[in-house]
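Per-entry structural report
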Amino acid sequence: MRVANKLRLGILGSGCGTNFLAINSAIENGGFPAEISIVISDIESSVILSHARQLNIDSQFIDPGSYRTKLDEAAEAKYVSLLTEAGVDLVVLAGFMRILKGGLLSSFEGRVINIHPSLLPSFPGLDACQQALDHGVKVTGATVHFVDQGVDSGAIIMQDTCRVLDDDTPVTLLDRIHEVEHKIYPAAIAAIAKGEVVKNGRKTARTTISEC
Ligand code: GAR
């Protein structure tokens, strides 16, 4: 049932769903007006869908079609109609490993956000942790950004950092980045839900900084 004045989230994910769980916990703990309307995955056996089912949140698998890195046109149309039917205000990509093209982005213009495991514009695309290790950076982090037509190139909403240790592997580094992600993704969604995020071209600003 739709609750008035709550930002309705449609979460898209392909993997473990730890960001989805962090967002759900933050909403349950109160403090910002949002609710998760639907979780959609391109992978039928994904852990994110199991988590959603356990939490009694509407969840759906939609076959992505024949491409490896994007949705085919028919699949993208299904995503749009399901998100629209669910009354989604904000599409939240949480480990959704496919590039979105025109259809979904134009239907939800300015209302699709993503989290990426690096300090963008460094290390966009796949294997961000391996890229950071290969480059030898001492600090990395996570970025929440609006999604545009490019790869991890949209206006940045929130970022935070973590250290890179000399003996890190992609797995140990990603664990540390996840801790950052689980704070900034709910915080960024809270700021959007409260109407505090203003987008101006490729930049965003916060009108008010509230406690998240
Ligand atoms: C997260 O680390 C997120 O930043 C990354 O996938 C992971 C999903 O984890 N996304 C990308 O790399 C997108 N380019 P989760 O399923 O446990 O939330």
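Before reading on, note that the structure itself is shown above.
Residues numbered from 1 in each chain as written. Predicted model: local features only at pLDDT ≥ 70, side-chain atom pairs only at ≥ 80, totals over all residues. Heavy atoms only, no water.

**Examining the overall build of the protein**
- Counting its secondary structure elements, the protein contains six helices and nine strands.
- Scaling as 2.2 N^0.38, a compact globule of 212 residues should have a C-alpha radius of gyration of about 17 Å, and the protein matches this with 16 Å.
- Taken along the three principal axes of its C-alpha coordinates, the protein extends 50 × 45 × 35 Å.
- Taking the contacts inside the protein whose residues are at least 6 apart along the sequence as the reference set, 62% of them involve residues at least 24 apart.
- For the protein, the accessible area works out to roughly 10600 Å², and carbon and sulfur atoms hold 52% of it.
- A distance of 4 Å separates the average location of the 19 positive side-chain charges in the protein from that of its 25 negative side-chain charges. (Helix = DSSP H or I, 4+ residues; strand = E, 2+ residues; numbered from the N terminus. Rg over C-alpha atoms; globule rule 2.2 N^0.38 Å. Contact = heavy atoms within 4.5 Å. Areas by Shrake-Rupley, 256 points an atom, 1.4 Å probe, with all protein chains shown as cover. Lys, Arg positive; Asp, Glu negative; His and termini not counted. Charge placed at Lys NZ, Arg CZ, Asp CG, Glu CD.)

**Topic: the site of the ligand**
- Around the ligand lies a shell of 13 residues, among which Gly17, Thr18, Asn19, His178 and Glu181 are the nearest.
- At 3.2 Å from an oxygen atom of the ligand is found a main-chain nitrogen or oxygen belonging to Cys16.
- Within the backbone of Gly17, one N or O atom sits 2.8 Å away from an oxygen atom of the ligand.
- For the ligand, the protein covers 87% of the area, taking 450 Å² as the surface of the free molecule.
- Comparing atom positions with the cavity grids shows the ligand to sit within the largest pocket.
- When residues of the shell around the ligand are traced back to their parent elements, those giving at least two are helix H1 (18-28), strand E5 (112-116) and helix H6 (170-193). (Near = heavy atom within 4 Å. Polar contact = N/O pair within 3.5 Å; in protein donor to acceptor, adjacent residues only side chain to side chain. 1 Å grid on protein atoms, 1.4 Å probe; cavity = no way out; pocket = protein on both sides within 12 Å on 5 of 7 lines; lining within 4 Å. Sits in = over half its atoms within 2 Å of the grid points.)

**Quick word on the environment of Ala34**
- Examined against the element boundaries, Ala34 turns out to sit in strand E2 (residues 34-41).
- On the basis of relative accessible area, Ala34 is assigned to the buried category, the value being 2%.
- Taking the C-alpha atoms as reference points, Ala34 and Leu90, separated by 56 residues in sequence, lie 9.8 Å from one another.
- Residues within four places of Ala34 in sequence aside, it is in contact with Lys6, Leu7, Leu9, Ile27 and Ala193. (Buried < 20%, exposed > 50% of the residue type's maximum accessible area, 1.4 Å probe, protein only.)

**Remarks on helix H5 (residues 128-135)**
- For H5, the set of buried residues is Ala128, Cys129 and Ala132. The buried residues of H5 all sit within an arc of 100 degrees when viewed along its axis, so they share a single face.
- Buried residues in H5 make contact with E5, strand E6 (139-146) and H6.
- A positive phi of about 80 degrees marks Gly136, the residue just after H5. (Arc of directions from axis to C-beta.)

**Some thoughts on the side chain of His116**
- Along the chain, His116 turns up in strand E5.
- Here the side chain of His116 touches Phe123 through a polar contact of 2.7 Å, landing on its backbone oxygen.
- A polar side-chain atom of His116 sits 3.2 Å from a polar atom in the side chain of Asp152.
- What His116 contacts, discounting residues up to four positions off in sequence, is Phe123, Pro124, Gly125, Ala128, Gly141, Ala142, Thr143, His145, Asp152 and Glu181.

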